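Each chain, written out:
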Amino acid sequence: MPKEMNNESKAYQTVCKRMEEVVPAYIARYVQWYLTDPSERRSWEELCATDKSMLDSFGNPRTEEYARDNWLKREDTQRAIQIYMKYMKTYNSMRIYQAMMEKALKGDVNAAKYIEQFHSSDFFDEGSDEIDAFLNKVNIPKLKKDRGAQGK
């Protein structure tokens, strides 16, 4: 397997594992299947063959309607969808960046401007999260006094 495909496969495994932290594996696979373009995904029957949980009590594949009506409405499934969509946002941003970089290197001025703006965006920031941002706004005089004493 080429190194590039191997890395892509590892990334997919990572996003699936992240989803499996909040939903059962069969629902994580369903979320990935459901959010994939219909022209690019495997058939419903192939998906159902990946896990016995996709079958009803008689061993028949559950219907797409059953999955949509019962699984998509679950709170944990909604969280899995958020995880997958965040991954896809990053993945698609990377693909756009690569395409624009290719154009910029060939002399496209607008693409070069896009690359420049992208570099100054928060995409590359690994800074504070929401909790850090909130804590930075909290005004607790005792903590400020202690921080000041530590700095001396």
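That block above? That's the structure.
This report concerns the structure included in the present document. (Residues numbered from 1 in each chain as written. Predicted model: local features only at pLDDT ≥ 70, side-chain atom pairs only at ≥ 80, totals over all residues. Heavy atoms only, no water.)

Here we take up the packing of aromatic side chains. Each aromatic ring pair is described using two quantities: the centre-to-centre distance and the angle formed by the ring planes. Throughout the structure, instances matching the rule amount to 11 aromatic pairs. Here Tyr30 and Trp44 contribute two aromatic rings whose centre-to-centre distance is 6.0 Å and whose plane-to-plane angle is 90°, an arrangement assigned as edge-to-face. In this pair, Tyr30 is assigned in helix 2 (residues 25–35) and Trp44 in helix 3 (residues 44–48), connecting sequence segments 14 residues apart. Each residue in the set Tyr26, Tyr30, Trp33, Tyr34, Trp44, Tyr66 and Trp71 is aromatic and connected to the rest through ring pairs, giving one cluster. Here the basic side chain of Arg41 rests over the ring of Trp33, its NZ or CZ set 3.8 Å away from the ring centre. (Phe/Tyr/Trp six-rings, centres within 6.5 Å; stacked < 30°, edge-to-face > 60°. Helix = DSSP H or I, 4+ residues; strand = E, 2+ residues; numbered from the N terminus. Lys NZ or Arg CZ within 6 Å of the ring centre and 35° of its normal.)

Moving on: the nonpolar core. In this structure, Met19, Tyr30, Val31, Trp44, Met54 and Trp71 are the most contacted members of the largest nonpolar core, which totals 21 residues. Looking at this core, the elements with two or more residues in it are helix 1 (3–20), helix 2, helix 3 and helix 5 (75–105). With 6 residues, the single largest contributor to this core is helix 2. Filtering out sequence-adjacent residues up to four positions away, Met19 remains in contact with Ala28, Val31, Gln32, Ala80, Ile83 and Tyr84. (Core = buried A, V, L, I, M, F, W, Y, C linked by side-chain atoms within 4.5 Å. Buried < 20%, exposed > 50% of the residue type's maximum accessible area, 1.4 Å probe, protein only. Contact = heavy atoms within 4.5 Å.)

Turning our eyes to something else, we now look at the packing of helix 2 against helix 5. Close contact between helix 2 and helix 5 brings their axes to 10 Å; oriented N to C, the two are set at 55°. As the angle between them shows, helix 2 and helix 5 are arranged oblique. Where helix 2 crosses over helix 5, the two elements pack in a sense that is right-handed. Here Ile27, Val31, Gln32 and Leu35 of helix 2 lie close against helix 5, whose contacting residues are Thr77, Ala80, Ile81, Tyr84 and Met85. (Axes fitted to C-alpha atoms, helices over the stretch in contact; angles between N-to-C directions. Parallel < 35°, antiparallel > 145°, perpendicular 65-115°, else oblique. Left-handed = near helix turned anticlockwise from the far one by under 90°.)

What follows concerns the pattern of salt bridges. Oppositely charged side chains may form a pair once their charged atoms are brought near each other. Summed over the entire model, instances satisfying the criterion amount to 4 salt bridges. Notably, a salt bridge pairs Lys17 with Glu20, separated by 3.8 Å at the nearest N-O pair. With a gap of 3 residues between them, Lys17 and Glu20 both fall in helix 1, about one helical turn apart. With a closest N to O distance of 2.6 Å, Asp76 and Arg74 form a salt bridge. Asp76 gets classed as partly exposed once you look at its relative accessible area, which sits at 22%. (Salt bridge = Lys/Arg side-chain N within 4 Å of Asp/Glu carboxyl O.)

A separate point is the side chain of Thr36. Relative to the elements of secondary structure, Thr36 occurs in the loop between helix 2 and helix 3. For Thr36, a relative accessible area of 14% puts it in the buried group. Look past the residues within four positions of Thr36 in its chain and what remains in contact with it is Arg41 and Tyr84.

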